[in-house]
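Below, each chain spelled out in residue letters.
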Amino acid sequence: MKIRSVQNTRKITKAMEMVAASKMRRAQERMRAARPYGEKIRQVAAHISHANPEYRHPFLVVRDTVRRVGLVLITTDKGLCGALNTNLLRVVLAQYRRLQEQGEEIEVCGIGNKGLQFMQRLGAHIVSEVVQLGDRPQMDRLIGALKVILDGYIADRFDRVLLAYNRFINTMRQEPVVEQLLPLSGERLGVPETVWDYLYEPEAKTVLDHVMTRYIEALVYHAVAENMACEQSARMVAMKAASDNAAKLIDELTLVYNKNRQAGITKEIAEIVGGAAAV
């Protein structure tokens, strides 16, 4: 019965491994497809931010004091992907405790069911959430929850916004990252090689507000795409490890079963021989 049970489990993990491998390839393709747009919008934002010094967009202004922090936490909706969520949430929890010790208030935007449930158990203040994203990131699902954070930053409800997600390194390695999303640092935007002169229509404020918002949305979308690629990679590796462990366990249980069966046969033969000798 134990062998049969492990065999059934191995069939499930093997099927999940194959499904995760197929989804992983598509997730990596979407992640790579999002990079050219993200790089181009970053270049446009960098040029515009340097070309119009008379208007400084709120996303570019560094606050003197930090009293409230917004946290955009991106995790998976489902489990069975190894320690992917655990590693990220461990880093986020350390950052969360550090901010609390400094007297800063934290409000959370939860993208993904696992991180949302963790923050709810922690007693954090959840201002927006998005769950059940599926296997393909959709910008229209993300905009509503992200707009709450961006509007809060513009209205000075937040002095800083952090972004936490898993960065895809390769199939075997995913890195938990907590980085500053707002205000935009010079390292993220970069310095353009040449400063372009722009004519704004209808006005600089309207154009900058639109471009900077699109840039932040592109950053979050790309982070979600990377996290999904990490999820499928981690699930494939975890299910492969589970299938291998199940195969080893089946071999061990089969060996025990054969030993017990041979011992039972030997005992029956000994009883038959003993009975014949007694007769």
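Parameters and conventions
Residues numbered from 1 in each chain as written. Predicted model: local features only at pLDDT ≥ 70, side-chain atom pairs only at ≥ 80, totals over all residues. Heavy atoms only, no water. Buried < 20%, exposed > 50% of the residue type's maximum accessible area, 1.4 Å probe, protein only. Helix = DSSP H or I, 4+ residues; strand = E, 2+ residues; numbered from the N terminus. Arc of directions from axis to C-beta. Contact = heavy atoms within 4.5 Å. Core = buried A, V, L, I, M, F, W, Y, C linked by side-chain atoms within 4.5 Å. Patch = residues over 30% accessible without salt bridge, like charges linked within 9 Å, V, L, I, M, F, W, Y side chains within 5 Å. Areas by Shrake-Rupley, 256 points an atom, 1.4 Å probe, with all protein chains shown as cover. Salt bridge = Lys/Arg side-chain N within 4 Å of Asp/Glu carboxyl O. Disulfide = S-S within 2.5 Å. Axes fitted to C-alpha atoms, helices over the stretch in contact; angles between N-to-C directions. Left-handed = near helix turned anticlockwise from the far one by under 90°. Nonpolar A, V, L, I, M, F, W, Y, C, P; charged D, E, K, R; others polar. Polar contact = N/O pair within 3.5 Å; in protein donor to acceptor, adjacent residues only side chain to side chain. Phe/Tyr/Trp six-rings, centres within 6.5 Å; stacked < 30°, edge-to-face > 60°. Lys NZ or Arg CZ within 6 Å of the ring centre and 35° of its normal. Pairing = 2+ DSSP bridges.

A.B. asks: Could you clarify how one ought to interpret helix α3 (residues 113–122) in this entry?
C.D. replies: Side chains of residues three or four places apart in an α-helix project in the same direction, reflecting 3.6 residues per turn. Turning to α3, its buried residues number three or more, namely G115, L116, F118 and M119. Each buried residue of α3 sits inside an arc of 165 degrees when the element is viewed along its axis, so together they form one side. In this structure, the buried side of α3 is in contact with β1 (68–74), α2 (84–101), β2 (105–111) and β3 (125–130). Phi for G123, located one or two positions after α3, is positive at around 85 degrees.

A.B. asks: I tried to follow the nonpolar core on my own but got confused; where do I start?
C.D. replies: As a rule of thumb, soluble globular proteins bury nonpolar side chains together. Ranked by internal contacts, the top residues of the largest apolar core, which has 39 residues, are I74, I111, L182, L184 and I216. Within the residue set of this core, elements represented by two or more residues are α1 (2–51), β1, β2, α4 (139–154), β4 (160–170), β5 (173–182) and α6 (204–278). At twelve residues, α6 tops the list of elements feeding residues into this core. The residues touching I111, leaving out its near neighbours within four places in the chain, are V72, L73, I74, T75, V130, L133, L142, V220 and V224. Counting 15 residues, the second-largest nonpolar core is a separate cluster that includes L73, V92, L99 and A164.

A.B. asks: Please explain a nonpolar patch on the surface as it appears in this structure.
C.D. replies: Together, I265, I269 and V273 give the surface a local cluster of nonpolar side chains, amounting to about 260 Å² of exposed area. With respect to the element layout, I265 can be found in helix α6. Overall, I265 belongs to the partly exposed group, its relative accessible area being 39%.

A.B. asks: Just to check I follow, could you spell out the pattern of salt bridges for this structure?
C.D. replies: Where charged atoms from two side chains of opposite charge approach closely, those side chains can pair. In total, this model carries 13 salt bridges according to the counting rule given. R68 is paired through a salt bridge with E105; the nearest N and O atoms lie 3.6 Å apart. With R68 in strand β1 and E105 in strand β2, this pair connects stretches of sequence that are 37 residues apart. A relative accessible area of 45% places E105 in the partly exposed class. A salt bridge links E104 to R160; its shortest N-O distance comes to 3.7 Å. Separated by 56 residues along the polypeptide, E104 in the loop between α2 and β2 and R160 in strand β4 bring together distant segments of the chain. Across the pair, R160 and E104 agree in class, each one buried.

A.B. asks: Hey, could you run me through the state of the cysteines in this one?
C.D. replies: In a disulfide, the sulfur atoms of two cysteines are covalently bonded to one another. For the coordinates displayed, the defined rule picks out zero disulfides. C230 supplies the cysteine sulfur nearest to C81, a cysteine that is in no disulfide, at a spacing of 10 Å. The buried category is assigned to C81, whose relative accessible area is 2%.

A.B. asks: Is there a simple way to think about the packing of α2 against α3 in this case?
C.D. replies: Remark: α2 packs on α3, axes separated minimally by 11 Å, with the N-to-C direction vectors making an angle of 40 degrees. Classified by chirality, the crossing of α3 by α2 is right-handed. Within the contact between the two elements, α2 uses N85, L89, V92, L93, Y96 and R97 and α3 uses K114, G115, F118, M119 and L122. Residues that form the contact of α2 with α3 fall into these classes: seven nonpolar, two polar and two charged.

A.B. asks: For this particular structure, what's the right way to read the side chain of E226?
C.D. replies: Topologically, E226 is positioned in helix α6. There is a polar contact of 2.9 Å between the side chain of E226 and the backbone nitrogen of F168. The contacts of E226, once residues within four sequence positions are left out, are M31, R35, Y165, N166, R167 and F168.

A.B. asks: When you look at the packing of aromatic side chains in this model, what are you seeing that I'm missing?
C.D. replies: Here the distance between the centres and the angle between the planes together describe a pair of aromatic rings. For the coordinates displayed, the defined rule picks out one aromatic pair. For the pair F59 and Y153, a centre-to-centre distance of 6.0 Å together with 55 degrees between the ring planes defines the contact as tilted. Taken together, the positions of F59 in the loop between α1 and β1 and Y153 in helix α4 put the pair 94 residues apart, joining distant regions of the chain. Y153 sits in the buried class, given a relative accessible area of 0%. Just above the ring of Y153 sits the side chain of R63; from NZ or CZ to the centre is 4.2 Å.

A.B. asks: What should I look at first to understand the sheet that holds β3 in this one?
C.D. replies: As a general point, the strands of a sheet are linked pairwise by backbone hydrogen bonds and lie either parallel or antiparallel. Pairing within the open sheet is mixed, and its five strands lie in the order β3-β2-β1-β4-β5. Each of the sheet's edge strands pairs with one partner strand only, and the pair in question is β3 and β5. For this sheet, the mean angle separating the axes of adjacent strands, direction not counted, is 20 degrees. Relative to β2, β1 is paired through seven bridges, and the arrangement is parallel. Bridge pairing in β2 links I74 to I111. Docked against the sheet, α3 engages β1, β2 and β3, running at close to 165 degrees with respect to β3. Packed onto the sheet, α4 meets β1, β2, β3, β4 and β5 and runs at close to 150 degrees relative to β3.

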